[in-house]
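Secondary and tertiary structure notes
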Amino acid sequence: MKKKICPRCGSENVKWIIPQVWSQWLCYNCDYTGPVIEADDKLQKEIQENWALNKEEILSEEKERFEETFDDESEFDKKLDDDLTDEEMEKKLDQLFEENK
Ligand SMILES: [Zn+2]
């Protein structure tokens, strides 16, 4: 039988905290908030074992991801590096055009 568990630590000690937001659950075991997953005993055991073994790692990875998501300024800088502005694009096209004359 499937049950709702915390996708991070595999605990069944999860509670739906915001009735309006179906995806917001709270795990009383590890303080996870977010959507829960439906799992059978086998998957639950795997998650629990993985959590027990890699707890520190999982938490630090999540912290990094969280910081990335909310660090708007660095996201913006990255975008500038990756994408050419219209002007740069035009220059590049001009160059190509000149070369092919
Ligand atoms: Zn949990």
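Everything that follows concerns the structure shown earlier in this document.
First things first, this report covers the structure right here in the doc. Remember, predicted model here, so these are calculated numbers, not experimental data. Residue positions within a chain follow its written sequence, with the count starting from 1. For a predicted model such as this one, the threshold for reporting local features is a pLDDT of at least 70, and the threshold for listing and counting side-chain atom pairs is 80 or more; totals across whole chains, interfaces and linings nevertheless cover every residue. Excluding hydrogens and water, the side-chain figures rest on all heavy atoms present in the structure.

At the metal site, the zinc ion is ligated by Cys-6 (SG), Cys-9 (SG), Cys-27 (SG) and Cys-30 (SG), and these contacts range over 2.2 to 2.3 Å. Only nitrogen, oxygen and sulfur atoms within 2.8 Å of the metal, or 3.2 Å for Na, K and Ca, are treated as donors, and water is left out, so sites may look incomplete. Working rule for geometry: tetrahedral if four donors all subtend angles between 85 and 135 degrees; square planar for four, octahedral for six, if opposite donors exceed 155 degrees and the others stay between 65 and 115; irregular in every other situation. Its four donor atoms give the zinc ion angles of 107 to 111 degrees at the centre, a pattern that matches the tetrahedral case. All donors to the zinc ion come from one chain, and their sequence spacing reads C-x2-C-x17-C-x2-C. You can see Cys-6 sitting in the loop between strand S1 (3-5) and strand S2 (14-16) and its partner Cys-30 sitting in the loop between strand S3 (25-27) and strand S4 (33-34), a full 24 residues away along the chain. Only DSSP runs of H or I covering at least 4 residues are called helices, and only runs of E covering at least 2 are called strands; the numbering of each starts at the N terminus.

Another point: the nonpolar core. Core analysis: the biggest nonpolar cluster contains 10 residues, these being Cys-6, Cys-9, Val-14, Trp-25, Cys-27, Cys-30, Tyr-32, Val-36, Trp-51 and Ile-58. Mapped by element, the contributors of at least two residues to this core are S3 and helix H1 (41-70). Whether two residues are in contact is decided by their heavy atoms, any of which lying within 4.5 Å being enough. Those residues within four positions of Val-36 in sequence are excluded, and the remaining contacts are Lys-4, Ile-5, Pro-7, Val-14 and Trp-25. Take the buried Ala, Val, Leu, Ile, Met, Phe, Trp, Tyr and Cys residues and link them wherever side-chain atoms come within 4.5 Å; each set so joined is a nonpolar core. Accessible area is worked out with a 1.4 Å probe on protein chains only. A residue is then buried under 20% of its type maximum, exposed over 50%, and partly exposed in between.

Here a pair means two rings of Phe, Tyr or Trp (six-membered ring of Trp) with centres within 6.5 Å. Their orientation is stacked below 30 degrees between planes, edge-to-face above 60, and tilted elsewhere. Across all of its chains, the model carries one aromatic pair by this definition. Ring geometry for Trp-16 and Trp-25: centres 6.0 Å apart, planes at 10 degrees, overall stacked. For Trp-25, a relative accessible area of 13% translates into the label buried.

Moving on to the sheet that holds S4. Only strands joined by at least two bridges in the DSSP assignment are considered to pair. In space, the three strands of this open sheet follow the order S2-S3-S4, with antiparallel pairing throughout. Single-partner strands in this sheet number two, and they are S2 and S4. Here S2 pairs with S3 via three bridges, running antiparallel. Its bridge partner being in S3, Trp-16 is matched across the sheet by Trp-25.

To continue, consider a nonpolar patch on the surface. Patches here: salt-bridge-free residues with over 30% relative accessible area, like charges joined within 9 Å, nonpolar side chains (Val, Leu, Ile, Met, Phe, Trp, Tyr) joined within 5 Å. Surface exposure here means Shrake-Rupley accessible area, sampled with a 1.4 Å probe, where a residue is shielded only by the protein chains that are shown. Salt bridges are counted wherever a side-chain nitrogen of Lys or Arg sits within 4 Å of a carboxyl oxygen of Asp or Glu. On the surface, Leu-84, Met-89, Leu-93 and Leu-96 cluster together into a nonpolar patch covering about 370 Å² of accessible area. Here Met-89 lies in helix H3 (residues 86-99). Given the relative accessible area of 42%, Met-89 is considered partly exposed.

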